[in-house]
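Analysis of the macromolecular model
The chain contents come next:
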Amino acid sequence: MTRWWWVRHGPTHEKAFTGWRDVPADLSDTQQIERLKDHLPDAAVLISSDLQRAAATADAIQTKQHRLPHEPRLREMHFGVWDGMMFEKVAARDPELSRQYWEAPGDVRAPEGESWNDAAARARKVVDALNDEGHRDIIAVAHFGIILTQLQRASGKTAYDTLAHTIDPLSVTELHYDNGQWRVGAINHTP
């Protein structure tokens, strides 16, 4: 069995859409980071998105884990032209499309961006490759959307239903993989 410990990066305090924009994380809550470090397994591999908010969070929580290279396929969903825009401006610019993006996630794409299914497919390649390597514990520091796509995969729920979950900064979502079968452990656990 492989246990996936999906950790959402530290808070960015951004109020706008933040996808592939490379903004830093606020890692000043050292007590929370220490609790997170204590919760995660030492005998694990550690991988993160290549965006600085995830990579820096992985640096902050690393103890004895074997660090793998940063992985661009674990980046947040690509919001295209919406990245950096406030929700109200996105809704004014693309009222029907922005509504569909959240109410019917799947193949709906942000302008010059990607869909839920696009993001899920690119992350799935990384997850499948690491599962095939036979690791017992994998800590993956990633983003809200990517963690949700993998939660959807493990739970078998729709993308729309999965979007109802909260994934807080510095929280852990634990998913188990065993012989082709997924099981959901903790969701949005904050140690």
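Heads up: the structure comes first, above all this text.
Residues numbered from 1 in each chain as written. Predicted model: local features only at pLDDT ≥ 70, side-chain atom pairs only at ≥ 80, totals over all residues. Heavy atoms only, no water.

With 34 residues, the main nonpolar core has W4, W6, I47 and W82 as its most contacted residues. Elements with a contribution of two residues or more to this core: β1 (2-8), β2 (45-48), α5 (116-132), β4 (137-142) and α6 (144-155). Broken down by element, the residue count for this core peaks at 6 residues, all from α5. Here W4 is in contact with V127, L130, N131, I138, A140, T173, E174, L175 and W182, once residues within four sequence places are set aside. Of all hydrophobic cores here, the second largest spans 14 residues; its members include W5, L46, I61 and L170. (Core = buried A, V, L, I, M, F, W, Y, C linked by side-chain atoms within 4.5 Å. Buried < 20%, exposed > 50% of the residue type's maximum accessible area, 1.4 Å probe, protein only. Helix = DSSP H or I, 4+ residues; strand = E, 2+ residues; numbered from the N terminus. Contact = heavy atoms within 4.5 Å.)

Let's shift gears to the pairing of strand β6 (residues 181-184). Pairing between strand β5 (residues 172-178) and β6: 4 bridges, direction antiparallel. Paired with D178 across the two strands is Q181, which belongs to β6. (Pairing = 2+ DSSP bridges.)

In this section: the environment of W5. With respect to the secondary-structure elements, W5 resides in strand β1. With a relative accessible area of 6%, W5 lands in the buried category. C-alpha separation for the pair W5 and I139, spaced 134 residues apart in sequence, amounts to 4.6 Å. Apart from residues lying up to four places away in sequence, W5 is in contact with H39, L40, P41, D137, I138, I139, A140, V172, T173 and E174.

This brings us to the sheet that holds β4. Read from one edge of the open sheet, 6 strands run β3-β2-β4-β1-β5-β6, paired in mixed fashion. Lying at the two open borders of the sheet, with one neighbouring strand each, are β3 (66-67) and β6. In the sheet, β2 pairs with β4 via 4 bridges, with the strands oriented parallel. Residue pairing for β4: L46 is matched across the bridge by I139.

Keep in mind that these numbers describe shape and distance, not what the molecule does.
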